[in-house]
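Okay, here's what each chain looks like letter by letter:
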Amino acid sequence: MNKIAIFASGSGSNAENIVLYFRNKNIDIDFIFLTNNKNAFVLERAKKLNIKSYLFNKKELKEGIVNKILENFNPDLIVLAGFLLLVPESIISKYPNKIINIHPALLPKYGGKGMYGNNVHKAVLENKEKISGITIHYVNNEYDKGNIIFQKECPINDEDNVETLANKVHKLEYDYFPQTIEKLLNKI
Ligand code: GRF
């Protein structure tokens, strides 16, 4: 059975969607959720989905507690889905090409520190872009700089605002993130 560790700092709707995608296809996967935010709704989702979850703080992430959790779990893939902290080098070097992130824009534009959530959509709209989309990429030690695995575009209309653009992007994430993960697992 494949094992996936999902890191999320907030709502975790992608985390849940990934779990449901595989459950609906009757593909058995062992999941854990990890979060740095005690108020993150992803913890509620974990309970509902009956998935083991772990909470840690920034200091613990640096000091190696998360390394230990991962070592014990031994994941085939580590998925960052709305995870807002930088993954330490000690984890990145142990899982080459096994850590992926989803970014709510078309990298290399609109990436880097501070470019998360609605900040991204705001910047895209302010620059009057005609398209946005999603990028799924490998994670290295710089925010949003790892090799790109998959991108998908969506159009932006004059009527779009942060909320409608976020909805379009989320829809792409729900449609393509699980599929991309499945393809990656098949290559392992
Ligand atoms: C997504 O838009 C993802 O691209 C970004 O953070 C958001 C997480 O949303 N990195 P959710 O927590 O999965 O609902």
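For the structure itself, consult the block above.
Residues numbered from 1 in each chain as written. Predicted model: local features only at pLDDT ≥ 70, side-chain atom pairs only at ≥ 80, totals over all residues. Heavy atoms only, no water.

What follows is about the site of the ligand. In the region of the ligand, the neighbouring residues are Ser 11, Gly 12, Ser 13, Asn 14, Gly 82, Ile 102, His 103, Pro 104, His 170 and Glu 173. Within the backbone of Gly 12, an N or O atom sits 2.7 Å from an oxygen atom of the ligand. Starting from 370 Å² of accessible surface for the ligand in isolation, the protein chains cover 85%. Split into classes, the residues belonging to the shell around the ligand amount to 2 nonpolar, 7 polar and 1 charged. (Near = heavy atom within 4 Å. Polar contact = N/O pair within 3.5 Å; in protein donor to acceptor, adjacent residues only side chain to side chain. Areas by Shrake-Rupley, 256 points an atom, 1.4 Å probe, with all protein chains shown as cover. Nonpolar A, V, L, I, M, F, W, Y, C, P; charged D, E, K, R; others polar.)

Under the definition given, this model contains 6 aromatic pairs. Between the aromatic rings of Phe 22 and Phe 31, the centroid separation amounts to 6.4 Å while the plane-to-plane angle is 50°, which identifies the pairing as tilted. Joined through ring pairs, the aromatic side chains of Phe 7, Phe 56 and Phe 83 make up one cluster. (Phe/Tyr/Trp six-rings, centres within 6.5 Å; stacked < 30°, edge-to-face > 60°.)

Time to look at the pattern of salt bridges. Counted according to the given criterion, the structure contains 10 salt bridges. Between Lys 25 and Glu 182 there is a salt bridge; the shortest N-O distance is 3.1 Å. Linking Lys 25 in the loop between helix 1 (13-24) and strand 2 (29-35) with Glu 182 in helix 7 (residues 162-187), this pair joins segments that are 157 residues apart in sequence. Lys 25 gets classed as partly exposed once you look at its relative accessible area, which sits at 43%. Through salt bridges with shared partners, one network takes in Glu 16, Arg 45 and Lys 48. (Salt bridge = Lys/Arg side-chain N within 4 Å of Asp/Glu carboxyl O. Helix = DSSP H or I, 4+ residues; strand = E, 2+ residues; numbered from the N terminus. Buried < 20%, exposed > 50% of the residue type's maximum accessible area, 1.4 Å probe, protein only.)

The strand order 3-2-1-4-5-6-7 describes an open sheet built from 7 strands, whose pairing is mixed. A single partner strand is all that each edge strand has here, and the edge strands are strand 3 (52-55) and strand 7 (148-155). Sheet twist, expressed as the average angle between the axes of neighbouring strands with direction ignored, equals 20°. With 6 bridges joining them, strand 1 (residues 2-7) and strand 2 adopt parallel strand pairing. Across the sheet, the residue bridging to Asn 2 is Ile 29, located in strand 2. (Pairing = 2+ DSSP bridges. Axes fitted to C-alpha atoms, helices over the stretch in contact; angles between N-to-C directions.)

Bringing the packing of helix 6 (residues 117-126) against helix 7 into the picture now. Relative placement of two packed helices is described by the angle separating their axes and the distance separating the axes. For the pair helix 6 and helix 7, the least separation of the axes is 9 Å and the interaxial angle reads 115°. One way to sum up the angle between helix 6 and helix 7 is to call them roughly perpendicular. For helix 6 against helix 7, the interelement crossing comes out right-handed. Side by side, helix 6 and helix 7 meet where Asn 118, His 121, Lys 122, Val 124 and Leu 125 of the first sit next to Val 162, Leu 165, Ala 166 and Val 169 of the second. Among the residues making up the contact of helix 6 with helix 7, the classes are represented as 6 nonpolar, 2 polar and 1 charged. (Parallel < 35°, antiparallel > 145°, perpendicular 65-115°, else oblique. Left-handed = near helix turned anticlockwise from the far one by under 90°. Contact = heavy atoms within 4.5 Å.)

Glancing now at unusual backbone geometry. Cis geometry marks the peptide bond from Leu 107 to Pro 108, where omega comes out at 15°. Of note, Pro 108 is situated in the loop between strand 5 (99-103) and helix 6. One non-glycine residue, Asn 50, adopts positive backbone phi at about 65°. By the element assignment, Asn 50 lies in the loop between helix 2 (42-49) and strand 3. Residue classification places Asn 50 among the exposed positions, given a relative accessible area of 71%.

Moving on, we get to the pairing of strand 1. In terms of handedness, the path from strand 1 via helix 1 over to strand 2 forms a crossover that is right-handed. Of the pairings in the sheet, the one linking strand 1 to strand 4 (residues 77-80) comprises 4 bridges and is parallel in character. Residue pairing across strands places Ile 6 opposite Val 79, the latter belonging to strand 4. (Right-handed = clockwise from strand over helix to strand, strands pointing away.)

Take it as geometry only, folks, not as evidence of what the structure does.
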